[in-house]
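What follows is each chain in one-letter form.
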Amino acid sequence: MHVLMLILSGLALIALFYVIGKITKRSMRTLLPFYLAVWFIASGINMWIGVTQAGFNVIDEALFFVPIFGVPALAAIMLMRRA
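Values in this document were obtained by computation on a predicted structure and should not be read as measured data. (Residues numbered from 1 in each chain as written. Predicted model: local features only at pLDDT ≥ 70, side-chain atom pairs only at ≥ 80, totals over all residues. Heavy atoms only, no water.)

1. Focus on the packing of aromatic side chains
The following threshold applies: We call Phe, Tyr and Trp rings a pair once their centres come within 6.5 Å, taking the six-membered ring for Trp, and we label the pair stacked below 30 degrees between planes, edge-to-face above 60, and tilted otherwise. Numbered from the N terminus, helices here are DSSP runs of H or I no shorter than four residues, and strands are runs of E no shorter than two. Burial classification: accessible surface area is computed with a 1.4 Å probe over protein chains only, and a residue below 20% of its type maximum counts as buried, one above 50% as exposed, and the rest as partly exposed.
Applying the stated criterion to the full structure yields four aromatic pairs. Centre to centre, the rings of phenylalanine 17 and tyrosine 35 are 5.6 Å apart; their planes meet at 80°, and the pair counts as edge-to-face. Within this pair, whereas phenylalanine 17 is found in helix α1 (residues 2-24), its partner tyrosine 35 is found in helix α2 (residues 28-52), the two being separated by 18 residues in sequence. Judged by its relative accessible area of 0%, tyrosine 35 falls in the buried class. What links up through ring pairs into an aromatic cluster is the set Phe40, Phe65 and Phe69.

2. Structural notes on the packing of α1 against α2
Between two packed helices, the angle of one axis relative to the other and the distance separating the axes together describe the packing. Put simply, the rule is: Every angle, taken between N-to-C directions, lies between 0 and 180 degrees, and every axis is a line fitted to C-alpha atoms, over only the stretch in contact when it is a helix. Comment on the angle field: the value is read as roughly parallel under 35 degrees, roughly antiparallel over 145, roughly perpendicular from 65 to 115, and oblique elsewhere. Take the far helix as your reference; a near helix turned counterclockwise from it by less than a right angle gives a left-handed crossing, and one turned clockwise gives a right-handed crossing. Residue contacts are defined here by distance: any two heavy atoms, one from each residue, within 4.5 Å place the two residues in contact. Lys, Arg, Asp and Glu make up the charged group, whereas Ala, Val, Leu, Ile, Met, Phe, Trp, Tyr, Cys and Pro make up the nonpolar group; the residues left over, Gly among them, are polar.
In contact at an axis separation of 10 Å, α1 and α2 are set at 150° when each is read in the N-to-C sense. As the angle between them shows, α1 and α2 are arranged roughly antiparallel. In terms of crossing hand, the pair formed by α1 and α2 is right-handed. Within the contact between the two elements, α1 uses His2, Leu6, Ser9, Gly10, Leu13, Ile14, Phe17, Tyr18, Ile20 and Gly21 and α2 uses Met28, Leu31, Phe34, Tyr35, Val38, Trp39 and Asn46. Here the residues of the contact of α1 with α2 are counted per class, giving 12 nonpolar, five polar and no charged.

Next up, the structure:
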């Protein structure tokens, strides 16, 4: 359930960047690197908390990191190609 909530958070962040792009008249192609950087850092913080606070080892958390970062990142790339 936690993974799903984080993936949905990443998708909500895409929507926020999309709205910011519409307001500032910037394309998703311009904003994509910023989104990917922000989402990578947020996903990394989640991984760090899982290792330091929840007691998971790095390899276990890395397996969760891939879909948490990858699904929203791929959705953002697909949105960029359509826009």
